[in-house]
Amino acid sequence: MEGNTSRLRASQPLTPNQFQDVLNAIQPFCFSEPGYVSEMAAEFRALFLLQHWAGLRILDAFVLSRNGLVGNRLSLVTIKTGAVIKDQFLPDFVAEELAALSPDRPGFKKSYFFWREGIAQKSLTSVWTKSIKRMNAFLQLKDDDGKPFEFKSHMLRDTYAVELLLHNVPLDEVSLFLTHESTVVTEKHYTRWVTRRLQKYKNDYVAAMEAQGMKVSIGK
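Glancing now at the overall build of the protein. When helices and strands are counted, the protein shows 8 helices and 3 strands. Along the protein, helices and strands appear, N-terminal first, in the series α-α-α-β-β-β-α-α-α-α-α. Burial status across the protein gives 43% buried among its 220 residues. Total accessible area computed for the protein in this model is approximately 12,100 Å², and 54% of it derives from carbon and sulfur atoms. Across the protein, the centroid of the 28 positively charged side chains sits 5 Å from that of the 24 negatively charged ones.

With that out of the way, let us pick up the packing of helix α2 (residues 41-54) against helix α6 (residues 154-166). Where α2 contacts α6, the axes come no closer than 6 Å and their chain directions differ by 35°. The interaxial crossing formed by α2 with α6 has right-handed handedness. Taken together, the residues of α6 that come into contact with α2 (itself represented by Phe48, Gln51, His52, Trp53 and Ala54) are Leu156, Arg157, Thr159 and Tyr160. For the contact of α2 with α6, the class distribution of residues is 5 nonpolar, 3 polar and 1 charged.

Here we take up the sheet that holds strand β1 (residues 69-70). Here 3 strands make up an open sheet; going across it, the order is β1-β2-β3 and the pairing antiparallel. At either end of the open sheet lies a strand with only one pairing partner, and these are β1 and β3 (84-89).

With that settled, consider the environment of Arg192. Residue position: Arg192 is located in helix α8 (residues 183-211). With 11 residues separating them along the chain, Arg192 and Asn203 place their C-alpha atoms 17 Å apart.

Another point: the nonpolar core. By size, the foremost hydrophobic cluster in this structure holds 48 residues, and its most contacted members are Leu14, Phe44, Phe48, Leu50, Phe114 and Phe151. Secondary structure elements with two or more residues in this core: α1 (16-32), α2, α3 (58-62), β2 (73-77), α4 (92-99), α5 (121-135) and α6. Looking at this core element by element, the count peaks at 8 residues for α2. Counting residues in hydrophobic clusters, the runner-up holds 12 residues, among them Leu164, Leu166, Tyr190 and Val194.

This part is about the pairing of β3. Where β2 lies against β3, 4 bridges are found, and the strand directions are antiparallel. In the sheet register, Leu74 faces β3, and the bridge partner there is Gln88. Taken together, β2 and the strand that follows it, β3, pair antiparallel across an intervening segment of 6 residues, in which Gly82 is found at a positive phi of about 75°.

Oppositely charged side chains can form a pair if their charged atoms are brought close together. Taken as a whole, this structure holds 6 salt bridges when the rule is applied. We note a salt bridge from Asp60 to Arg57, for which the minimum N-O separation is 3.8 Å. With a closest N to O distance of 3.2 Å, Lys133 and Glu150 form a salt bridge. Taken together, the positions of Lys133 in helix α5 and Glu150 in the loop between α5 and α6 put the pair 17 residues apart, joining distant regions of the chain.

What counts, and at which threshold
- Residues numbered from 1 in each chain as written.
- Predicted model: local features only at pLDDT ≥ 70, side-chain atom pairs only at ≥ 80, totals over all residues.
- Heavy atoms only, no water.
- Helix = DSSP H or I, 4+ residues; strand = E, 2+ residues; numbered from the N terminus.
- Buried < 20%, exposed > 50% of the residue type's maximum accessible area, 1.4 Å probe, protein only.
- Areas by Shrake-Rupley, 256 points an atom, 1.4 Å probe, with all protein chains shown as cover.
- Lys, Arg positive; Asp, Glu negative; His and termini not counted.
- Charge placed at Lys NZ, Arg CZ, Asp CG, Glu CD.
- Axes fitted to C-alpha atoms, helices over the stretch in contact; angles between N-to-C directions.
- Left-handed = near helix turned anticlockwise from the far one by under 90°.
- Contact = heavy atoms within 4.5 Å.
- Nonpolar A, V, L, I, M, F, W, Y, C, P; charged D, E, K, R; others polar.
- Pairing = 2+ DSSP bridges.
- Core = buried A, V, L, I, M, F, W, Y, C linked by side-chain atoms within 4.5 Å.
- Salt bridge = Lys/Arg side-chain N within 4 Å of Asp/Glu carboxyl O.

Below, the structure is given as structure tokens:
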């Protein structure tokens, strides 16, 4: 249950540069893979863009039907909680990447963007995440402390939330977009990341000014 804050998963949002690194890793990863994964670069890219810009859990992305996307508006019922997402806007380019995935691709169900034939719903996440885990061989992500970490698709949901908060979207609205049961869940997950990232941006700014020979006094 999402409302139980004592059991919340640790979050790890990506920076814009880290997200670009993930996108850049898709092609070399797919080229290195045997079988059908070698031809799935477009699917991985569309999946990651969808999660990043809609904040979807990965299973909700997998079971998104083509009927659930009208133009650039997304509608679905989430698997985990049964929450209803209705007419949520996507950036146009994300909707275009989804629409570019032909319903006639071999191996995929015609009514879905990402659901492969012969795979039960309960197995979708494990099948895809095994591939995503192998993609880390093409990534060298590090956190704000310089420690390496492994990319997981749920980080894109974290990224969606933190980016909204950084751009001054109110907490209660972000909670609504994430279909959280309570703003307490949203706050527990993400506000510390916003505070930490804003401080890092300030520190980077001061360092850049000092590198150019300017003195920057920081009041206490």
